[in-house]
Amino acid sequence: MKTSYINGRFIEAGEQELKNINPSDISDVIDTFSRAGRAETRQAITAAAAAADSWGRSNPQQRFDILDFIGSEILARREELGALLSREEGKTLPEGIGEVTRAGYLFKFFAGEALRIGGEKLDSVRAGATIDITREPVGVVGIITPWNFPVAIPAWKIAPALCYGNAVVFKPAELVPSSAWALAEIISRSGLPAGVFNMVIGPGREVGDEIIGSNEVQAITFTGSVSTGTMIAQRCAARMAKVQLELGGKNPLIVLDDADLEQAVDVAVQGSFYSTGQRCTASSRIIVTDGIYNDFIALLAKRTKALRVGNALSSDTQIGPVASASQLQQDLEYIEIAKQEGATLLVGGKRIEGETEGYYLQPAIFTDVDNRMRICREEVFGPVATVSRVADYEAALAEANDTQFGLSAGICTTSLKYAEHYKRHAKAGMVMVNLPTAGVDYHVPFGGTKASSYGPREQGRYAAEFYTRVKTAYQKAD
Ligand code: UN1
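Residues numbered from 1 in each chain as written. Predicted model: local features only at pLDDT ≥ 70, side-chain atom pairs only at ≥ 80, totals over all residues. Heavy atoms only, no water.

## Looking at the sheet that holds strand S17 (residues 364-367)
Right, on to step 1. If you walk across this open sheet you meet the seven strands as S14-S17-S18-S13-S12-S20-S21, and the pairing is mixed. Strands at the two margins of the open sheet, each flanked by one partner only, are strand S14 (344-347) and strand S21 (430-433). With strand direction ignored, the average angle separating the axes of adjacent strands in the sheet is 25 degrees.
Right, on to step 2. One ladder, built from three bridges, connects strand S12 (residues 251-255) with strand S20 (residues 408-412); its direction is parallel. If you follow isoleucine 254 over to S20, its bridge partner there is isoleucine 411.
Right, on to step 3. Sheet strands touched by helix H13 (residues 393-401): S12, strand S13 (283-289), strand S18 (384-390) and S20. Its angle to S13, the strand with the most contacts, is close to 160 degrees. (Pairing = 2+ DSSP bridges. Helix = DSSP H or I, 4+ residues; strand = E, 2+ residues; numbered from the N terminus. Axes fitted to C-alpha atoms, helices over the stretch in contact; angles between N-to-C directions. Contact = heavy atoms within 4.5 Å.)

See below:
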């Protein structure tokens, strides 16, 4: 049985068992884990707190070497780790390998950043005094990750945490522990001192609850639902801990009359349905202007019907299964809600059989929608998209921005004027022109506005804002 990693070792197995099931074939048990609880989480926090100070003073070469080792091994094993990821989460093999590759490069990026942690030196406004502005580690960072990116999201939180000299208590999603365990196993051989990195596999109501409530954890970074994120923000505020949240999305994709039709349909299919739509960056609201609407909808329906849904590991699969029984149920419930609200189900939306028993769902498109419907306002987190029809760009922009979320916003157009205008006026943290709303680079900031994100940005050099604190030191010079 596989176990949690605390204070430099994989701990003894306990009694509570957690089975990791393949969503493409529920008869396939990938791994069995021993579930940790509150006591183990407290041990991990204590170990991290004890290791934080000396790791915070480690030299940049040591940090570079460790992060570079982790990144190199991930990249060298990308096919194997990608297959494991696809087997446990259900995204297709190319998507799994792509995600692992991204994770490898994330570690490489932050290996380099460890060498570039700088500061500023200024003269004081008082005569004969100088000022140093430096960045210090925060201390112990609690990292709580979702199931939809089992390797990339842990990587984009763990790599900067270690880069900037923090100790880590990491709680992966219980649905996808195998990828997290493989990552921890690599980290365990990287030369990192015991206690600096800890992984606790167990339920949110115990493991997550301990991490969020502990005064020894100075910062929490969380990707997941709005309801859990709101609770975390409130509890962190109450004890003055730093917090970084990446939550939901209801991302619009505008298609204008002047768009390249083929390209726009590709962008929509990729953004809405790849990774089975299980991305907070997925395009779930497609907003199309009058002149291109009929042609767009006809081609989108044709392409969507032709998508091959199947076992994540089969080479001809384009859309893998939904990740779990409960997520499938949520998707089917939203499909029912949309029908009851009066939307027209244009294609898909039915559960289908595969060669093996899994959670297969046909990608669904709804038309005749109104942006006030729940199907247009709430995040489904599945392969379900709506298409609405509007008169012109101005109406499309207003509808795109009419949402509680603001993560990613896309537009397909050949007009420089509209592309420029949209980049400025879309109320979202990320804007995509003639590119899918989902699928982001690893070296630039990631995050949104409104209910999608809270706290400093993730990734790229901007990650330093969350993983460090700024110190201002004054000195009398003469
Ligand atoms: C991507 O679109 O490449 O949970 C990344 C999510 C996001 C990551 C999306 N935090 O879906």
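## Focus on the nonpolar core
Right, on to step 1. Judged by nonpolar contacts, the single largest core of 64 residues is most densely connected at Phe107, Phe110, Ile158, Phe197 and Met199.
Right, on to step 2. The leading source of residues in this core is helix H5 (residues 152-163), at nine residues.
Right, on to step 3. Domain assignment of the residues forming this core places at least three in each of domain 1 (5-247 + 452-476) and domain 2 (252-433). (Core = buried A, V, L, I, M, F, W, Y, C linked by side-chain atoms within 4.5 Å. Buried < 20%, exposed > 50% of the residue type's maximum accessible area, 1.4 Å probe, protein only. Domains from an automatic or database assignment.)

## Topic: the pairing of strand S8 (residues 167-171)
Right, on to step 1. S8 sits mainly inside the fold: five of its five residues count as buried.
Right, on to step 2. Residue alternation in S8 divides its side chains into two sets, Ala167, Val169 and Lys171 and Val168 and Phe170, and both sets are buried.
Right, on to step 3. Two strands pair when backbone bridges link them, and strand S7 (residues 140-144) and S8 are joined in this way by five bridges, in the parallel orientation. Note on S8: the bridge partner recorded for valine 140 is alanine 167.

## Observations regarding the packing of helix H3 (residues 78-89) against helix H6 (residues 177-188)
Right, on to step 1. Contact geometry for H3 and H6: axes closest at 8 Å, N-to-C directions at 150 degrees. In terms of their interaxial angle, H3 and H6 are classed as roughly antiparallel. Across the interface between the two elements, Leu81, Leu84, Leu85 and Glu88 from H3 touch Pro177, Ser178, Ser179, Ala182 and Ile186 from H6. (Parallel < 35°, antiparallel > 145°, perpendicular 65-115°, else oblique.)

## Things to note about the domain arrangement of the chain
Often, the extent of an interface is quoted as the loss of accessible area upon association of its parts.
Right, on to step 1. Looking at the chain, the domain boundaries give domain 1 (5-247 + 452-476) and domain 2 (252-433).
Right, on to step 2. Look at where the C-alpha atoms of domain 1 and domain 2 centre, and you get two points 31 Å apart.
Right, on to step 3. At the junction of the two partners, domain 1 supplies 23 residues and domain 2 supplies 28 residues.
Right, on to step 4. Area buried by domain 1 at its contact with domain 2 is led by Ser24, Trp147 and Ser452, which between them contribute 26% of it.
Right, on to step 5. At the boundary of domain 1 with domain 2, the tally comes to zero salt bridges.
Right, on to step 6. On inspection of domain 1 and its partner domain 2, the count reaches 10 residue pairs in polar contact (both at pLDDT 80 or more).
Right, on to step 7. If you list the elements that add at least two residues to the side of domain 1 that touches domain 2, you get strand S4 (25-34), H3 and helix H4 (93-114).
Right, on to step 8. Sort the elements by how many residues they give to the side of domain 1 that touches domain 2 and H3 lands first, with four residues.
Right, on to step 9. Counted by class, the side of domain 1 that touches domain 2 contains nine nonpolar, seven polar and seven charged residues. (Buried area = accessible area lost by both parts, 1.4 Å probe. Salt bridge = Lys/Arg side-chain N within 4 Å of Asp/Glu carboxyl O. Polar contact = N/O pair within 3.5 Å; in protein donor to acceptor, adjacent residues only side chain to side chain. Nonpolar A, V, L, I, M, F, W, Y, C, P; charged D, E, K, R; others polar.)

## Remarks on the side chain of glutamate 88
Right, on to step 1. Along the chain, glutamate 88 turns up in helix H3.
Right, on to step 2. The charged side chain of glutamate 88 is buried without a salt bridge, its nearest counter-charge being lysine 2 at 8.9 Å.
Right, on to step 3. Within polar-contact distance, the side chain of glutamate 88 engages the backbone nitrogen of serine 178 at 2.9 Å.
Right, on to step 4. The contact partners of glutamate 88, leaving out residues within four places of it in the chain, are Asn20, Ile21, Pro23, Ile30, Pro150, Leu175, Val176, Pro177, Ser178 and Ser179. (Lys, Arg positive; Asp, Glu negative; His and termini not counted.)

## Considerations on the packing of aromatic side chains
Right, on to step 1. Throughout the structure, instances matching the rule amount to 11 aromatic pairs.
Right, on to step 2. Centroid distance tyrosine 393 to tyrosine 418: 4.6 Å. Interplanar angle 35 degrees. Geometry classified as tilted. Residue tyrosine 393 is located in helix H13, and its partner tyrosine 418 is located in helix H14 (residues 416-425); the two are separated by 25 residues in the primary sequence.
Right, on to step 3. The buried category is assigned to tyrosine 393, whose relative accessible area is 3%.
Right, on to step 4. A relative accessible area of 24% means that tyrosine 418 is categorised as partly exposed.
Right, on to step 5. Measuring from centroid to centroid gives 4.9 Å for phenylalanine 466 and tyrosine 467, while their planes differ by 85 degrees, and the two rings are edge-to-face.
Right, on to step 6. Among the aromatic side chains, those forming a connected cluster through ring pairs are Tyr5, Phe10, Phe170, Trp181 and Phe197.
Right, on to step 7. Seen from the ring of tryptophan 181, lysine 2 lies directly overhead, with NZ or CZ sitting 4.5 Å from the centre.
Right, on to step 8. Sitting above the plane of the tryptophan 55 ring, arginine 63 keeps its charged end 5.8 Å from the centroid. (Phe/Tyr/Trp six-rings, centres within 6.5 Å; stacked < 30°, edge-to-face > 60°. Lys NZ or Arg CZ within 6 Å of the ring centre and 35° of its normal.)

## Quick look at helix H11 (residues 325-340)
Each α-helix winds once per 3.6 residues, and so residues spaced three or four apart point in a common direction.
Right, on to step 1. Helix length check: H11 (16 residues) gives 23 Å between terminal C-alpha atoms against 22 Å at 1.5 Å per residue, within 8%.
Right, on to step 2. Where the residues of H11 are buried, they touch strand S15 (351-352), strand S16 (360-361), S17, helix H12 (374-377) and S18.
Right, on to step 3. The first or second residue beyond H11 is glycine 342, which carries a positive phi of 100 degrees. (Expected span 1.5 Å × (residues − 1).)

## A word on the site of the ligand
Right, on to step 1. Near the ligand lie 13 residues; those nearest to it are Arg102, Asn148, Cys280, Thr281 and Gly439.
Right, on to step 2. In this structure, an oxygen atom belonging to the ligand sits 2.8 Å away from a main-chain N or O atom of glycine 439.
Right, on to step 3. Between the ligand and the protein, one listed contact pairs an oxygen atom with a backbone N or O atom of valine 440 at 3.1 Å.
Right, on to step 4. Burial of the ligand by the surrounding chains reaches 99%, relative to a free accessible area of 320 Å².
Right, on to step 5. Grouping the constituent residues of the shell around the ligand by class yields seven nonpolar, four polar and two charged.
Right, on to step 6. Looking at the shell around the ligand, you find at least three residues from each of domain 1 (5-247 + 452-476) and domain 2 (252-433). (Near = heavy atom within 4 Å. Areas by Shrake-Rupley, 256 points an atom, 1.4 Å probe, with all protein chains shown as cover.)

## Regarding unusual backbone geometry
Right, on to step 1. A positive phi angle is found at aspartate 368, which is not glycine, with a value near 55 degrees.
Right, on to step 2. Residue position: aspartate 368 is located in the loop between S17 and H12.
Right, on to step 3. Even without a glycine there, the phi angle at lysine 450 is positive, about 45 degrees.
Right, on to step 4. The topology assignment puts lysine 450 in strand S22 (residues 449-450).
Right, on to step 5. Look at lysine 450 and you get partly exposed, because its relative accessible area is 37%.

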